[in-house]
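# Architecture and fold: a report
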Amino acid sequence: MLTIFVALTIDFYLFRILPGDPAMMIAKDPRLNAQQMEVLRASFGLDKPLYVQYGLFLFNTAKFNLGISFFYRVPVASILLGRLANTLYLIGLGTLLSIVLGLALGIIAGWYRGKSPDSIAFGSALLFYSMPSFWISMVFIYAFALVIPIFPTGGMVNDRLINPPWTTAAVVSLQHLALPLVTYSLIFAGAYALVMRTSIIQILSEDYVITARAKGFSDFDVFRKHVLKNAALPSVTQIAMNLGLIVLGAISVETVFNWPGVGLLVYQAIYFRDYPLLQGTFIFFTILMVLANLIADLLYSFLDPRVRY
Amino acid sequence: MLSSVAVNRRLRVQKKAFVQFWNLYKRKKAGVAGVAVLLILCTLAVFPNVFSPYKPTATAGTPMSPPSLAHLLGTDDVGEDILSNLIWGTQGSLFIGFLATFVAISIGALVGLASGFYGGLKGELMMRVTDVFLVLPALPLMIILAATLKPSIWNVALIIGITAWTPTARIVRSAVISLKERIYVYRARAVGCTDRRIILTHILPDVVPLIFANAVIVTAIAIASEAFLSFLGLGDMTVISWGTMLYFAFSMGAFTSGAYWYFLPPGVLIVITILAFTGVGYGLDDVLNPRLRKA
């Protein structure tokens, strides 16, 4: 809650210290006379003192009234709402896939530490971790849509198809989803794999694992009963700390793949200098991150019965 | 004043410490490779005019021509030589990276030292402020700041710096909390040292290696952040950096038109740089954390 509040406050004051008259930015017409500008200012509430504006801003945000986009000329909230499903679809699936992939890679690397499966898994994890997310997206489009043309270069649907039968529509939509989804997952799988590898290695050197081995448990049983659960804990913490990356991934992948979600909206808002829209996306991502952190906390208390909230 | 004998002795001690450090450090190949790569990159960054075949802003050839002998990495959409741009971009990227790191490390170290050292209301208050910053989504904040401020190279570095200081603060704070309970700190207090002196002469020296190891990682993050901001069109477009090169490559659609020589090289260099910093961080970690050494 506090986080959202602080973010909103920063958000509000940052846009108030912007150089230039906001009314001028909306009007975009130097021919308006002083009186007309006054009317415009009053209609946006810009004539009131700053603290009243701030109160109004908080009140409006609570009502999900995020102002009107300079570029689209419609309420920001409705634009966000329209794009919300697309973003959640991509990053929801992508985050899930990346966690599964990353943890699997990390487990393999940690379990076979120092042997060849480790060097392959660790090496590729490190490599993907180091790549700028938007750059991987560009490379993947170049490789899998241009050099080997098996996927479309971007977008969510094929505009040239008019009223296709649903089977075709489904295939096309999956085709459009596949490449951004894989890209998004790989970006994060690297980071998760590195975390999981470290915690597996740490757990493997614990006394109770050595004891279990001494008692003659098979590798699989040692792993399932003693390693996995204990290694999961630090990983959840680390993954929660890395959740900020979701925003990075959403913006990069959606922008390069032209995926019509909130992330692409950030790019467009910057491109058109559409400040209300940018503000709206900022609030959206802040809330998304706070929610994600909350889920991680709940998951943590579920995994570790010692922690109770 | 120190006599020349004392100066000599101090130099000898420092040299010995350095040799000891290097002997430990060089056992990790990743760390040594990282240092080597960074030295090469820094040389390129300091003397770009020596190494680059063309002026970075000169129209040196036909626009969008693929790699050839005259232009080893081809040319971009306005006919500038990509290799020359890359070499000059090293300067921009590393400069922003180091400057941002300096800002982040300074704030982080100060906040960490102060909030770790002072208990009570003062420390508690600082801790709360840090906590708020820790959970603030750094990336959206960075975008918002960059979109509202003028996109100059200084502002970009400053913005990255003030959104990247929290991990440093956290690391320094936890180190200081344990260090201030050491016997020598109590002794220093008993003989009447001021807080300032205790922090500067008894705590800071033990924290500096930690800060340094952290700075390496922060620099990698800062370079990646600069590239990301530039990619969104929020960087300083008058300065050549790998990020701005990628921005232009992206806006020209180099990846859908098949101009691989345009968008691949800057990204490859970013990856190499980040890997190099990671390698150095790994090597330093190995020296600084004796617990890891045996395992």
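The present account deals with the structure reproduced in this document. Computed from a predicted model, the values in this text were never measured in an experiment. (Residues numbered from 1 in each chain as written. Chains lettered and ligands numbered in written order. Predicted model: local features only at pLDDT ≥ 70, side-chain atom pairs only at ≥ 80, totals over all residues.)

## Considerations on the overall build of chain B
Regarding its fold elements, chain B presents 14 helices and zero strands. Dimensions of chain B, computed from C-alpha atoms along their principal axes, come out at roughly 75 × 45 × 45 Å. Counting all 295 residues of chain B, 46% fall into the buried class. Within chain B, counting contacts between residues at least 6 apart in sequence, those at least 24 apart form 68% of the total. (Helix = DSSP H or I, 4+ residues; strand = E, 2+ residues; numbered from the N terminus. Buried ≥ 20, exposed ≤ 12 C-beta atoms within 10 Å, placed from the backbone. Contact = placed C-beta atoms within 7 Å.)

## Overview of the overall build of chain A
Looking only at helices and strands, chain A features 13 helices and zero strands. Start at the N end of chain A and walk to the C end: the helices and strands fall as α-α-α-α-α-α-α-α-α-α-α-α-α. Counting all 309 residues of chain A, 35% fall into the buried class. Considering only residue pairs separated by 6 or more positions, chain A has 70% of its internal contacts joining residues 24 or more positions apart.

## Quick look at the nonpolar core
Judged by nonpolar contacts, the single largest core of 155 residues is most densely connected at A125 of chain A together with M142 and L246 of chain B. In terms of residue count, helix α10 (residues 195-231) of chain B provides more of this core than any other element does, 17 residues in total. Once residues within four sequence positions are removed from consideration, L246 of chain B is found in contact with W135 of chain A together with A227, S230, F231, F263, P266 and G267 of chain B. (Core = buried A, V, L, I, M, F, W, Y, C linked by C-beta atoms within 7 Å.)

## Topic: the interface of chain B and chain A
Of the residues lining the interface, 32 residues belong to chain B; the matching set on chain A comes to 33 residues. Contributions of two or more residues to the side of chain B that touches chain A are made by α5 (120-135), α6 (138-148), α10, α11 (242-251), α12 (254-257) and α13 (260-288) of chain B. If you tally residues by element for the side of chain B that touches chain A, the top one is α13 of chain B, at eight residues.

## Comments concerning unusual backbone geometry
The phi dihedral of N258 of chain A is positive, around 55 degrees, even though this residue is not glycine. With respect to the secondary-structure elements, N258 of chain A resides in the loop between α11 (244-257) and α12 (262-271).

## Digging into α13 of chain B
Its 29 residues place the ends of α13 of chain B 41 Å apart at the C-alpha level, agreeing with the 42 Å of an ideal helix rising 1.5 Å per residue. Among the 29 residues of α13 of chain B, 23 are classified as buried, and the element is accordingly described as predominantly covered. (Expected span 1.5 Å × (residues − 1).)

## Details of the environment of V129 of chain B
All names here are of chain B. By secondary structure assignment, the location of V129 is in helix α5. A residue is classified by how many C-beta atoms lie within 10 Å of it, and V129, with 14 of them, is partly exposed. As a C-alpha pair, V129 and V111 span 18 residues in sequence and 9.8 Å in three-dimensional space.

## Observations regarding the packing of helix α8 (residues 166-179) of chain B against α10 of chain B
Residue and element names in this part refer to chain B. Put simply, α8 and α10 touch, their axes get as near as 10 Å, and they point 155 degrees apart. One finds that α8 runs roughly antiparallel with respect to α10. In this structure, α8 meets α10 at a crossing whose hand is right-handed. On α10, the residues touching P167, T168, I171, V172, A175, V176 and L179 of α8 are I203, D206, V207, L210, I211, N214 and V218. Counted by class, the contact of α8 with α10 contains eleven nonpolar, two polar and one charged residues. (Axes fitted to C-alpha atoms, helices over the stretch in contact; angles between N-to-C directions. Parallel < 35°, antiparallel > 145°, perpendicular 65-115°, else oblique. Left-handed = near helix turned anticlockwise from the far one by under 90°. Nonpolar A, V, L, I, M, F, W, Y, C, P; charged D, E, K, R; others polar.)

## With respect to helix α4 (residues 82-117) of chain B
It helps to recall that an α-helix has 3.6 residues per turn; residues three or four apart then point in one direction. Residue and element names in this part refer to chain B. Taking 1.5 Å per residue, 36 residues should reach 52 Å; α4 reaches 50 Å between its end C-alpha atoms and fits that length. The axis of α4 is deflected most strongly, by about 25 degrees, at W88. Burial analysis of α4 places 29 of its 36 residues in the buried class, the great majority of the element. (Bend = angle between axes of the 7 residues up to and from the residue.)

## Digging into the environment of L97 of chain A
Residue and element names in this part refer to chain A. Among the secondary structure elements, L97 is positioned in helix α5 (residues 76-111). Residue L97 is classed as partly exposed on the basis of its 17 C-beta neighbours within 10 Å. Measuring from C-alpha to C-alpha, the distance between L97 and L186 comes to 8.8 Å, with 89 residues separating the pair along the chain. The contact partners of L97, leaving out residues within four places of it in the chain, are L181 and S185.

## Some words on the environment of F250 of chain B
Note on placement: F250 of chain B falls in helix α11. Taking the C-beta count within 10 Å as the criterion, F250 of chain B has 24 such neighbours and is therefore assigned buried. Here the alpha-carbon distance between F250 of chain B and I203 of chain B, two residues 47 residues apart in the chain, equals 48 Å. Discounting residues that sit within four places of it in the chain, F250 of chain B has contacts with M138 of chain A together with F231 of chain B.

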